[in-house]
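Below, each chain spelled out in residue letters.
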Amino acid sequence: MNLTQTFASVVASSQIDANNIEPTVNNPAVATGAFSYMWLLLALPLLGAALLLIGGKRTDKWGPYFAIAMSCGAFVVGAIMYLKMLGLPANDRPVNLHIWDWVIVGRFQAPLGMQLDQLSIVFVLLITFVGSLIHIYSLGYMKHDPEKRKFFAYLNLFVAAMLLLVTADSYLLLYVGWEGVGLASYLLIGFWMYKPTAATAAKKAFVVNRVGDVGLSIAIMLMFVTFGSVTFPGVLNNAAEGNPTTMTWIGLMLLLAACGKSAQFPLQSWLLDAMEGPTPVSALIHAATMVTAGVYLIVRSGPIFDATPTARTVVMIVGAITLMFGAIIGCAKDDIKKALAGSTMSQIGYMILAAGLGPVGYVFAIFHLVTHGFFKANMFLGAGSVMHGMNDQLDMRRFGALRKVMVITFITFSCGWLAIMGVPPFAGFYSKDKIIEAAFGVNWIVGAVALLGAGITAFYMTRLWTMTFTGKSRWTEDNKHPHESSSVMWIPMAILAFLSVVAGFMLAGAIETWLAPVTGFEETELAVSSLVMEAASLALVIIGATIAYLQYRRDVPLVAPQHVSPLTVAARHDLYGDAFNEEVFMRPGQWLTRSLVFFDNRGIDGLVNGIAAALGGLSGRMRRIQTGFARSYALSMLGGAVLVIAALILVRT
Amino acid sequence: MSFPWLTTIGVIPLIGAFVIMLLPKASNELAKRLAVVFSVIPLILVIAMALQFDADSTAEFQFVESHSWIRSFGISYSVGVDGISLVLIALSVILVPLVILAAWNDADDAMGSVKGYFALLLILETFMVGVFAATDVFLFYVFFEAMLIPVYFLIGRYGGPGRQYAAVKFLLYSLVGGLLMLAALIGLYVVSAQELGTGTFDFTTLTNLNIDPGTQKLLFLGFFIAFAIKAPLVPFHTWLPDAAAASTPGTAVLLVGVLDKVGTFGMIKLCLPIFPAASAFYAPVIIVLCVVGILYGALLAIGQTDLKRLIAYTSISHFGFIGLGIFAMTTQGQSGSTFYMLNHGFSTGALFLIAGFLMTRRGSRLVADYGGVYRVAPVLAGLFLIAGLSSLSLPGLSSFVSEFLVLVGTFEKYTVAAVIATLGIVLAAIYILYLYQRTMTGPVKAGCEKMTDIKGREALAIIPMLVLLVALGVYPKPVLDVINPAVDRVMLQTGQRDPEPAVKPLAESGPAKQEAQRVVGTVEGGAR
Amino acid sequence: MIQLLGAAANQTFEMPSIDYHQIAPILVVLGMAVVSVLVEAFVPREARRNVQLVLTFATLIVAFILVVSLAGQRALAAAGAVAVDGPSLFLQGSLLILAIMAALLVAEKGVDSAGDAFAARANALPGSVDEREFTKRGWLTTEIWPLFLFSVGGMLLFVTGSDLLILFVGLEIMSLPLYLLAGMARRRRLLSQEAAMKYFLLGAFSSGFFLYGAAMLYGFAGTVDLGGIADAVNANAGQNGLLIAGMALISVGLFFKVAAVPFHQWAPDVYQGSPTSITSFMAACVKLAAFGAMLRIMYVALGGLRWDWRPMFWVIAILTMFVGVIIALTQTDVKRMLAYSSIAHAGFLLIAVIATNEQGIGGAMFYLLAYGVATIGAFGVVSLVRDSTGEATHLSSWAGLGKRSPWVAGAFTIFLLSFAGIPLTAGFIGKFAVFEAGVAGGAGWLVVVAVIASAIAVFFYGRVIVIMFFTEPQADGPTVVIPSSFTAIAIAAGLALTIVLGIIPQPFLDLAEKASIFVR
Amino acid sequence: MSTTHYLVLSAILFSLGVLGVLVRRNALIVFMCVEMMLNASNLAFVAFAQQNGNLYGQTIAFFVMVVAAAEVVVGLAIIVTIYRTRRSASVDEPSLLKY
């Protein structure tokens with residue numbers, strides 16, 4: 001319980017007034033002492049991945065354990081860094097480790113360096129902690145998979161990339177981590193590549209993420225052109241000087257990147273398909289860590305967004321739209337993982353929305369990110385446990401009454417369920433209600449959306465919970481004997497469940513203090529007291545949960561009913577996100593590709609071959625002039641002579 | 001006179017070729033082994049030479065050798081290297097032994113003599129070293145054209161179906177360009193004779209000429225079209241897919257990996273410094289061509305059904321990037337392009353070789369004939385993925401560094417072009433991953449069940465390239481340090497400067513600053 | 001000679017002082033040609049061939065040594081009739097080298113089972129009993145040797161002639177034996193005779209033009225001395241019908257000899273029909289001699305009028321290049337293809353004439369030498385590829401030659417690459433020199449046109465390589481005959497010179513450069 | 001008579017010769033026409049010699065006659081051989097060498 005203890009001690013140790021703190025100038029000190037070993041954070045998991053991949057089958061036996069050790073090792077390193085950081089005054093906490101010069105060309109200077117500050121250490125701890133738990137869980141979940149070693153290698157690779165993402169000291173290096181996690185995600189979603197669906201989903205995830213990466217690329221280029229630098233200090237400390245239009249563009253491009261990675265509207269479509277991957281992957285990557293990278297990016301780039309209200313508003317709107325989008329999809333899905341994926345999308349919508357609120361929201365975005373990391377990972381692992389017990393069945397209509405046979409899973413899952421709904425005193429209550437409050441403080445429409453989202457969240461999560469664990473069993477023939485998972489799987493779930501319960505309580509208040517020096521913080525000004533807000537949201541949650549419980553408690557048809565409202569149909573089709581992509585991008589794209597292939601063969605190459613053919617034809621004609629008759633040759637000579645004379649006379653005149 | 005590094009490096013493969021040709025019949029195995037030996041020696045020499053290369057030298061060229069050759073036309077045998085050419089020579093001498101290893105069984109006596117194949121590869125190596133090392137423009141041209149002949153035979157004699165058409169097409173395209181360049185070359189000589197009294201082909205002297213802009217434009221076109229055909233830029237590209245598809249994988253690697261670089265090398269080393277005004281004049285048009293090429297090549301790659309044609313089209317897209325960086329005329333763009341040339345050689349080289357391994361196993365060039373290969377040959381699939389990821393410029397691999405530098409360099413001057421070009425990275429993801437999906441994933445296709453995984457010799461050919469891609473991605477400094485001074489010189493010769501950033505930075509984060517911080521840090525650390 | 005005639009006009013005949021050393025090469029060759037005729041008359045049949053061979057080669061070598069001994073001289077010799085200057089010596093030297101190589105081919109007796117490449121007796125009817133009888137007896141037409149020597153002598157005269165009469169006489173001495181030689185092939189005699197007749201009639205027709213042009217110029221200038229004509233041109237810059245007509249008609253005669261379009265049509269037929277060794281002699285030496293004369297006339301006599309004749313030459317040059325390369329594209333006979341290629345080369349060479357500068361002279365001379373050695377080598381190879389009916393000149397029968405006889409095919413490839421102007425071959429340096437002269441002489445765009453034509457030309461050169469190396473051999477395809485050392489030496493010399501001139505051209509360029517000023 | 005008359009006559013003869021080469025089929029006649037062109041030149045030379053007051057032209061005419069004689073020898077040899085082979089002296093007779 002290292003994390004909770006340490007977070008709790010924050011409350012005691014730093015009693016700075018948390019109201020309205022300006023972020024300090026981003027000027028990290030050079031890492032010394034223990035900090036100079038922060039490269040181990042990256043090196044350990046990277047070593048694990050490299051060893052397992054290069055070592056091949058030789059490492060099959062001990063590989064997974066080695067990977068777990070590397071991940072846990074990274075957590076230990078992170079924890080030491082954190083403790084070390086605690087001992088420093090707030091403004092001295094950011095440290096920078098210059099590893100070596102990386103891309104140095106003219107004015108373009110991107111060092112290979114790590115920056116550890118209050119914001120990144122939160123992520124480091126979250127990633128390594130949840131990551132390690134999921135490593136352990138996978139030991140059980142992937143026990144029988146012949147390619148287990150590879151799976152652990154990819155997990156380690158992911159952890160390394162994710163850590164690079166959050167500890168990079170420049171946007172360019174962040175980009176490396178950014179795509180590194182994309183690669184790991186690609187490999188893990190497509191882990192069962194013999195399934196064409198998995199292969200397609202993996203590719204789709206990567207490609208959609210690349211669309212977002214275009215945004216990140218352009219943002220970095222804009223930063224370089226504007227500030228002559230791509231490092232965090234170089235960009236962020238000067239952000240206020242930038243031309244507002246430029247800053248807006250940078251902001252929007254960063255948002256595009258965030259949309260890709262965090263499955264925000266309109267780049268949300270890959271996340272649901274990504275559920276093709278093994279469940280621990282969904283828990284780690286597509287719930288707890290990677291998908292929150294967008295939030296990290298926006299919060300990290302706070303000074304840029306502070307300089308551009310326009311971009312911030314767009315961020316907020318995108319967050320709000322996705323919030324509803326994910327929630328609605330979550331309501332209609334019968335596949336337990338897809339329902340959870342919809343929920344993830346929606347929750348990240350909350351975070352993005354919070355990040356779009358500016359300094360009033362940054363810390364809550366991170367707060368929710370952390371608590372969500374715990375409870376959503378917990379629920380995904382729970383879902384994995386259910387699947388494990390149910391012979392890889394995913395359809396919730398085939399579940400029911402699992403409460404009795406999978407007691408531990410039921411309990412841990414319930415903790416997560418309560419946490420995500422925001423029932424006090426579970427973790428989500430603290431983090432989500434702060435976001436709703438902050439949203440109301442900025443704009444009541446957005447606030448209302450956030451509030452309504454809380455109700456819908458309660459509905460779909462209760463639906464999921466009810467259909468899975470309560471009611472009558474609707475199990476199929478081949479999985480008549482569900483069973484509880486092994487301890488190696490439930491212990492991580494239990495730990496996460498515990499955190500889903502206490503994290504919010506422990507971190508509330510402390511996290512503002514901790515993060516404020518980096519992100520800045522402003523107290524929300526509300527017309528009504530926060531108690532009223534909390535009551536309203538709780539009421540909505542109870543209403544949503546009750547409706548769901550009543551509806552799905554008893555008779556759930558084995559096949560989804562066909563005559564349902566258009567909204568449900570739309571939600572089942574992911575609100576036509578894929579259909580839209582298909583119609584607007586894929587089909588015209590395919591048409592374009594085909595016609596270009598045709599054009600290249602017949603047009604350009606046709607022209608070239610046509611010239612050749614024309615010359616050949618001309619040659620065929622011209623050689624006919626060579627008739628073989630001496631007299632016609634003589635005539636041609638005479639013609640030539642006339643030509644010569646004519647040419648000479650023409651020149652003369 | 002110091003040791004003639006470059007001549008030695010260039011001549012050794014040629015000697016090797018002669019030795020191999022003189023071997024008695026039916027000594028094919030010995031020929032292959034000798035080919036490895038004669039291609040590894042230059043590699044060792046280049047490494048030794050590179051270690052002595054002084055990146056901070058003020059001299060334009062190092063390891064200079066110069067002997068008068070054809071005095072009547074002011075032609076000399078002059079070789080020397082700067083950062084750009086050193087990188088490309090290194091690329092050539094690294095790829096040739098790897099290709100020889102990978103191409104071990106590419107040729108058989110039914111097609112033509114096995115000895116001939118390896119002798120031609122070695123002859124080609126000589127010309128490749130020569131073309132990059134030449135500091136006399138005429139000498140450059142001589143190698144530029146002479147290279148065609150071994151390649152012509154490599155394609156036409158040892159290639160697959162359609163090799164005759166492809167070989168002739170390759171030859172004609174290249175020669176049309178080459179001859180236009182010859183005309184421009186002669187023009188350049190006459191201009192230099194008018195200006196200096198006696199004509200010269202010496203590169204450094206030519207860069208100092210003051211050619212009148214109108215003439216520059218004409219001469220520039222002669223050179224540029226030759227290079228654009230070679231590189232190849234859209235719309236001069238259609239020879240490449242045919243040539244790459246019809247040739248053996250080894251030939252394709254050298255063709256696309258090194259030979260085509262001669263085009264982009266010429267653009268940055270000849271067109272820009274000698275014709276600065278014309279380069280600046282045509283740059284916008286060329287930028288447009290390059291951007292079109294990036295997207296066009298990528299879209300066509302997506303639409304291909306033939307493995308090698310597909311890879312060839314990806315290269316067309318990549319050459320768009322290289323051209324873009326060169327004609328953006330910024331330090332970042334040009335350094336990026338130069339570095340890109342190196343990386344592209346490795347990534348595309350690896351792709352072609354692995355495609356070749358697939359083809360030897362399955363006997364088909366069609367993408368549709370493959371599927372599920374990763375189950376039967378996981379290592380092969382894994383290596384293919386890494387090569388592919390490098391082709392799509394995954395951050396962390398060296399191709400990312402170069403591609404990003406190109407984009408950022410372009411963005412400084414041609415924002416819209418850079419933004420459109422950035423879309424190329426999405427298309428790159430599509431063509432590579434779609435290819436990977438179709439060939440490697442899914443259920444095992446009929447005909448692929450018996451595929452064996454990669455063997456020792458094949459792995460030995462591929463892995464060095466991939467290792468270099470990863471290593472240079474993480475630590476590109478050694479290469480960038482070599483390239484940067486050369487690019488700075490090109491910028492100076494072209495009279496171009498990088499634009500200033502819009503905001504004067506308050507907090508610098510350059511190395512100087514870093515250094516200062518480090519010092520302060522240690523002092524504090526010591527005090528603590 | 002003009003002085004000689006002038007002296008006659010003054011009624012006081014003075015013996016002109018003639019430095020015989022200066023005209024010794026010509027005298028030796030022509031004199032020995034006469035001796036060669038006597039050999040035909042007095043030496044027994046069995047010994048004739050050997051005697052003729054020794055005589056011919058000795059003559060050519062001695063003449064070459066004499067040319068070398070004249071190096072550096074610059075004078076109008078033989079009372080102004082011939083010019084001993086750089087160009088003429090360089091061209092004479094080149095001519096003699098090429099003639100020796102061609103003579104080696106002519107002397108070949110090992111490839112045809114029935115004897116050498118010439119009809120046993122040229123007057124025997126093809127297919128007649130007589131012919132078979134002569135063949136069986138193994139008779140050889142040794143008359144080719146005096147004819148050969150006369151032709152060489154004519155060429156030597158043609159490139160040095162400094163007045164129009166000498167040029168005309170040289171032209172005829174050069175051509176008349178060739179008409180006969182063209183018709184003497186042992187195999188495919190109908191073709192050979194047809195070639196001879198066409199060559200003769202059209203050749204005579206063209207020399208009619210040349211002579212009438214000479215008459216016009218004489219009418220204009222009052223002299224046939226090239227220097228005298230130049231003086232008259234400079235003195236009389238205005239419009240003059242005689243001058244224009246003379247210039248035009250003389251040009252026609254020269255264009256015919258170099259096979260420029262539209263005066264080229266004889267060339268493919270004659271090249272194809274003649275015995276291959278004679279074709280090589282014509283292609284290399286006649287072209288060289290004719291261009292030598294053309295350069296002299298256009299530079300020395302008509303140089304002052306270059307602005308008048310240049311546009312006309314532009315037109316002819318462009319026509320020549322394009323017609324040559326385009327028709328060559330679809331040729332299926334190797335010899336005919338080489339003929340069209342030779343037409344295209346004439347087009348490239350015209351650029352050097354148009355340049356009207358010193359580089360033009362030097363460049364053209366180098367080009368002619370480079371082209372000549374490759375041509376003789378290439379035809380030498382052609383003469384080796386045979387099937388049961390003689391030479392297999394149809395391209396399709398060359399399929400897979402590279403696999404059967406890699407060295408012969410390799411040699412032919414080098415010659416083709418030289419024709420195509422690929423670097424490291426002689427042809428490239430030649431092309432470079434000529435194009436450089438063109439650009440320096442203000443014909444930049446013509447060079448661009450030439451470059452495009454060269455690119456088209458690559459197609460048919462490349463096609464031959466494709467056929468030889470990239471296609472499978474036919475089962476009953478022709479074989480490469482192992483020649484005697486005559487042809488082998490000729491091909492090897494061609495190969496060696498093609499490569500040496502390509503890689504270390506400087507000594508030859510030096511020579512050509514030093515030799516690039518006409519005396520007048 | 002002035003020189004012009006001779007020149008006109010010479011031009012007419014030359015043209016006739018050219019025309020004859022173009023229109024006549026018999027190789028012998030064609031050859032005769034070529035000889036006529038040479039003789040037209042001779043006439044011009046002689047006329048110009050008269051006009052210019054020197055003997056060059058007249059001397060040249062002698063040379064040309066010699067050359068023409070040589071040409072006859074060669075030409076007749078060729079034509080006769082062809083005639084013996086083909087039983088025809090037509091220049092249009094089967095032409096095997098073309099295109």
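You'll find the structure just up there.
Residues numbered from 1 in each chain as written. Chains lettered and ligands numbered in written order. Predicted model: local features only at pLDDT ≥ 70, side-chain atom pairs only at ≥ 80, totals over all residues. Heavy atoms only, no water.

A short note on the arrangement of the chains
The following threshold applies: Contact between two residues is taken to exist if any of their heavy atoms lie within 4.5 Å; hydrogens are not considered.
Contact analysis covers five pairs of chains in contact, and the most contacts occur between chains A and B. Across all C-alpha pairs, the smallest distance from chain B to chain D is 25 Å, and the two are not in contact.

With respect to the pairing of strand S3 (residues 108–116) of chain A
Residue and element names in this part refer to chain A. Using the following cut-off: For every residue, the accessible area obtained with a 1.4 Å probe (protein chains only) is divided by the maximum for its type, and the residue is called buried under 20%, exposed over 50%, and partly exposed between those limits. Counting from the N terminus, the helices are the DSSP runs of H or I reaching at least four residues and the strands are the DSSP runs of E reaching at least two. Note on pairing: two strands pair once DSSP finds at least 2 bridges between them.
Among the nine residues of S3, nine are classified as buried, and the element is accordingly described as predominantly covered. Going residue by residue along S3, you find Phe108, Ala110, Leu112, Met114 and Leu116 tucked away on one face and Gln109, Pro111, Gly113 and Gln115 tucked away on the opposite face as well. The pairing of strand S2 (residues 95–105) with S3 spans nine bridges and is antiparallel. By the bridge assignment, Ile104 is partnered in S3 with Gln109. Hairpin geometry of S2 and S3 is characterised by an intervening segment of two residues between the two adjacent antiparallel strands and by a positive phi of about 55° at Gly106.

A word on the sheet that holds strand S5 (residues 479–480) of chain C
Residues and elements named next belong to chain C. What the three strands build is an open sheet, ordered S4-S3-S5; its pairing is antiparallel. The strands lining the two open edges of the sheet, one partner per strand, are strand S4 (390–391) and S5. Pairing between strand S3 (residues 385–387) and S4: two bridges, direction antiparallel. In the strand pairing of S4, Asp387 is matched with Gly390.

Quick notes on the interface of chain A and chain B
Much of the literature gives interface size as the accessible area that the parts lose upon coming together. Convention followed: Accessible area that two parts lose when put together, with a 1.4 Å probe and added across both, is what the buried area reports. When a carboxyl oxygen of Asp or Glu lies within 4 Å of a side-chain nitrogen of Lys or Arg, that pair is called a salt bridge. Only Asp, Glu, Lys and Arg are considered charged in this grouping, and only Ala, Val, Leu, Ile, Met, Phe, Trp, Tyr, Cys and Pro are considered nonpolar; every other residue, Gly among them, is considered polar.
Of the residues lining the interface, 69 residues belong to chain A; the matching set on chain B comes to 76 residues. Roughly 6100 Å² is buried in total at the junction of chain A and chain B, and carbon and sulfur atoms are behind 68% of that figure. At the junction of chain A with chain B, the criterion picks out three salt bridges. With a closest N to O distance of 4.0 Å, Lys477(B) and Asp101(A) form a salt bridge. Going through the elements one at a time, S2, S3, helix H6 (171–189), helix H7 (196–227), helix H8 (232–236) and helix H25 (577–625) of chain A are the ones with two or more residues in the side of chain A that touches chain B. When residues in the side of chain A that touches chain B are grouped by element, the largest group, 19 residues, is from H7(A). The residue makeup of the side of chain A that touches chain B, split by class, is 40 nonpolar, 19 polar and ten charged.

Comments concerning the sheet that holds S3(A)
Read across the sheet, three strands follow the order S1-S2-S3 (chain A) without closing on themselves; strand pairing throughout is mixed. Every other strand in the sheet has two partners, leaving strand S1 (29–30) and S3 of chain A as the edge strands with one partner each.

Here we look at the interface of chain C and chain A
To keep it simple, the criterion reads: Under this definition, polar contacts are N or O atom pairs within 3.5 Å; protein pairs additionally need one hydrogen-donor-capable and one acceptor-capable atom, and for neighbouring residues in sequence, both atoms have to be side-chain atoms.
Residue-level contacts link 41 residues of chain C with 27 residues of chain A. Summed over both partners, the interface of chain C with chain A buries about 2800 Å², with 71% contributed by carbon and sulfur atoms. When the buried surface of chain C facing chain A is broken down by residue, Ile244(C), Gln265(C) and Ile326(C) rank first, second and third, together holding 21% of it. There are zero salt bridges connecting chain C and chain A. Run the count over chain C and chain A and you get ten residue pairs in polar contact (both at pLDDT 80 or more). Elements with a contribution of two residues or more to the side of chain C that touches chain A: helix H8 (189–221), helix H10 (241–258), helix H11 (266–273), helix H13 (306–329) and helix H14 (334–355) of chain C. For the side of chain C that touches chain A, the element with the most residues is H13(C), which contributes twelve residues. Considered class by class, the residues forming the side of chain C that touches chain A number 28 nonpolar, eight polar and five charged.

Observations regarding unusual backbone geometry
Of note, the amide linkage connecting Phe265(A) to Pro266(A) takes the cis form, showing an omega dihedral of 5°. With respect to the helices and strands, the residue Pro266(A) is situated in the loop between helix H9 (244–261) and helix H10 (269–273). Residue Pro262(C) is reached from Val261(C) by a cis peptide bond, and omega for that bond is 5°. Note on placement: Pro262(C) falls in the loop between H10 and H11. In this structure, Phe63(B) takes a positive phi of about 55° despite not being glycine. Along the chain, the position of Phe63(B) falls in strand S1 (residues 62–70).

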